[in-house]
Amino acid sequence: VQLQATGGGLVQAGGSLRLSCVASGSIFSINFMGWYRRAPGKQRELVAVISSNGNINYADSVKGRFTLSRDNAKNTVYLQMNSLKLEDTAVYYCNSNLRTGTSGFRNYWGQGTQVTVSS
(Lines give C-alpha, C1' and ligand atoms only; values in the text may rest on other atoms or scores of the structure.)
Protein backbone atom coordinates (compact mmCIF):
# COMPACT_ATOMS: atom_id res chain seq x y z
CA VAL A 1 0.00 0.00 0.00
CA GLN A 2 1.21 3.50 -0.82
CA LEU A 3 -0.17 6.92 -0.03
CA GLN A 4 0.91 9.49 -2.57
CA ALA A 5 0.44 13.11 -1.52
CA THR A 6 0.68 16.01 -3.92
CA GLY A 7 -0.19 19.67 -4.06
CA GLY A 8 2.04 21.40 -1.55
CA GLY A 9 3.94 24.55 -2.32
CA LEU A 10 4.55 28.17 -1.51
CA VAL A 11 1.64 30.55 -1.22
CA GLN A 12 1.06 34.01 0.19
CA ALA A 13 -1.06 34.51 3.27
CA GLY A 14 -4.71 34.57 2.32
CA GLY A 15 -4.13 32.32 -0.63
CA SER A 16 -5.26 28.79 -1.36
CA LEU A 17 -3.78 25.38 -2.02
CA ARG A 18 -5.28 21.99 -2.69
CA LEU A 19 -3.67 18.80 -1.46
CA SER A 20 -4.46 15.38 -2.88
CA CYS A 21 -3.71 11.95 -1.50
CA VAL A 22 -4.19 8.73 -3.38
CA ALA A 23 -4.09 5.35 -1.69
CA SER A 24 -2.95 2.55 -3.97
CA GLY A 25 -2.31 -1.14 -3.61
CA SER A 26 -4.38 -4.12 -2.62
CA ILE A 27 -6.88 -2.10 -0.58
CA PHE A 28 -9.90 -3.96 0.69
CA SER A 29 -11.51 -1.32 2.86
CA ILE A 30 -10.71 2.19 4.11
CA ASN A 31 -11.74 3.11 7.63
CA PHE A 32 -10.32 6.64 7.93
CA MET A 33 -8.37 8.86 5.62
CA GLY A 34 -7.12 12.37 6.14
CA TRP A 35 -4.31 14.76 6.88
CA TYR A 36 -1.93 15.56 9.70
CA ARG A 37 0.73 18.23 9.81
CA ARG A 38 3.92 19.00 11.63
CA ALA A 39 5.03 22.59 11.93
CA PRO A 40 8.65 23.45 12.73
CA GLY A 41 9.35 22.83 16.41
CA LYS A 42 5.90 21.39 17.05
CA GLN A 43 4.35 17.97 17.34
CA ARG A 44 2.35 16.40 14.58
CA GLU A 45 -1.33 17.32 14.79
CA LEU A 46 -4.54 16.28 13.14
CA VAL A 47 -5.79 18.61 10.42
CA ALA A 48 -8.84 16.78 9.10
CA VAL A 49 -10.01 13.22 8.73
CA ILE A 50 -13.00 11.56 7.09
CA SER A 51 -14.46 8.25 8.21
CA SER A 52 -15.97 5.54 6.09
CA ASN A 53 -19.47 6.81 6.86
CA GLY A 54 -18.58 10.32 5.73
CA ASN A 55 -18.12 12.01 9.10
CA ILE A 56 -15.41 14.65 9.00
CA ASN A 57 -13.41 16.00 11.93
CA TYR A 58 -11.44 19.21 11.61
CA ALA A 59 -8.90 20.76 13.89
CA ASP A 60 -10.37 23.89 15.45
CA SER A 61 -7.61 25.95 13.88
CA VAL A 62 -8.72 25.10 10.34
CA LYS A 63 -12.50 25.01 10.68
CA GLY A 64 -14.17 27.27 8.18
CA ARG A 65 -11.02 27.55 6.07
CA PHE A 66 -10.16 23.98 5.09
CA THR A 67 -12.45 21.48 3.40
CA LEU A 68 -11.81 17.77 3.23
CA SER A 69 -13.48 15.70 0.56
CA ARG A 70 -13.06 12.27 -0.91
CA ASP A 71 -13.54 10.23 -4.03
CA ASN A 72 -14.21 6.68 -2.87
CA ALA A 73 -13.89 5.21 -6.34
CA LYS A 74 -10.36 6.58 -6.58
CA ASN A 75 -9.33 6.01 -2.92
CA THR A 76 -8.47 9.70 -2.89
CA VAL A 77 -8.95 12.54 -0.45
CA TYR A 78 -8.59 16.22 -1.17
CA LEU A 79 -7.84 19.03 1.25
CA GLN A 80 -8.87 22.42 -0.03
CA MET A 81 -7.07 25.03 2.03
CA ASN A 82 -8.33 28.59 1.79
CA SER A 83 -7.44 31.77 3.66
CA LEU A 84 -4.08 30.31 4.50
CA LYS A 85 -2.21 31.77 7.45
CA LEU A 86 1.46 31.86 8.34
CA GLU A 87 0.79 29.31 11.06
CA ASP A 88 -0.43 26.80 8.49
CA THR A 89 3.15 26.38 7.36
CA ALA A 90 4.04 22.74 7.95
CA VAL A 91 4.75 19.42 6.37
CA TYR A 92 1.39 17.83 5.65
CA TYR A 93 1.11 14.06 5.88
CA CYS A 94 -1.61 11.92 4.43
CA ASN A 95 -2.82 9.16 6.71
CA SER A 96 -5.14 6.26 6.22
CA ASN A 97 -6.41 3.47 8.39
CA LEU A 98 -7.20 0.72 5.97
CA ARG A 99 -7.36 -2.98 5.42
CA THR A 100 -5.72 -4.91 2.65
CA GLY A 101 -6.66 -8.27 1.27
CA THR A 102 -4.12 -9.98 3.53
CA SER A 103 -4.09 -7.90 6.73
CA GLY A 104 -6.35 -6.24 9.24
CA PHE A 105 -6.81 -2.51 9.65
CA ARG A 106 -3.60 -0.58 10.19
CA ASN A 107 -2.28 2.94 9.71
CA TYR A 108 -0.36 4.03 6.65
CA TRP A 109 1.43 7.33 6.08
CA GLY A 110 2.33 9.25 2.98
CA GLN A 111 5.69 10.87 2.39
CA GLY A 112 4.67 14.38 3.39
CA THR A 113 4.28 17.50 1.32
CA GLN A 114 5.56 20.92 2.34
CA VAL A 115 3.15 23.83 2.61
CA THR A 116 4.77 27.21 3.15
CA VAL A 117 2.71 30.33 3.70
CA SER A 118 4.56 33.61 3.30
CA SER A 119 3.62 37.13 4.36
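As shown above, the structure is provided for reference.
Position labels on residues start from 1 in each chain and follow its written sequence. Residue-level local features of this predicted model are given only where pLDDT is at least 70; pairs of side-chain atoms are given and counted only at 80 or more, and the full residue set underlies all totals for whole chains, interfaces and linings. In computing side-chain properties, one takes all heavy atoms of the structure into account and sets aside hydrogens as well as water.

Remarks on the nonpolar core
Condition: Within this scheme, the nonpolar core is defined by two criteria: the residues are buried Ala, Val, Leu, Ile, Met, Phe, Trp, Tyr or Cys, and they are joined through side-chain atoms within 4.5 Å. Only protein chains enter the calculation, and the probe is 1.4 Å; a residue is then buried if its accessible area is under 20% of its type maximum, exposed if over 50%, and partly exposed in between. What counts as a helix is a DSSP run of H or I of at least four residues, what counts as a strand is a run of E of at least two, and both are numbered from the N terminus. Residues are treated as being in contact if the distance between any of their heavy atoms lies within 4.5 Å.
Counting 29 residues, the largest nonpolar core has Trp35, Val47, Phe66, Leu79, Met81 and Tyr92 as the members making the most contacts within it. Breaking this core down by element, the ones donating at least two residues are β1 (2-6), β3 (17-24), β4 (27-38), β5 (45-51), β7 (66-71), β8 (76-81), β9 (90-100) and β11 (113-118). Residue contacts for leucine 79: discarding those within four places in its chain leaves Leu17, Arg18, Leu19, Trp35, Val47, Ala48, Phe66, Thr67, Leu68 and Tyr92.

Digging into the packing of aromatic side chains
Our working rule: Put simply, two rings from Phe, Tyr or Trp (the six-membered ring, in Trp's case) pair if the centres are within 6.5 Å, and we call them stacked under 30 degrees between planes, edge-to-face over 60, tilted for the rest. Lysine and arginine charges are scored as sitting over a ring when NZ or CZ, respectively, is within 6 Å of the ring centre and within 35 degrees of the ring normal.
According to the stated counting rule, one finds one aromatic pair in the structure shown. A cation sits over an aromatic face here: arginine 18 above tyrosine 78, 4.2 Å from the ring centre. Sitting over the ring of tryptophan 109, arginine 44 keeps its end group 4.0 Å from the ring centre.

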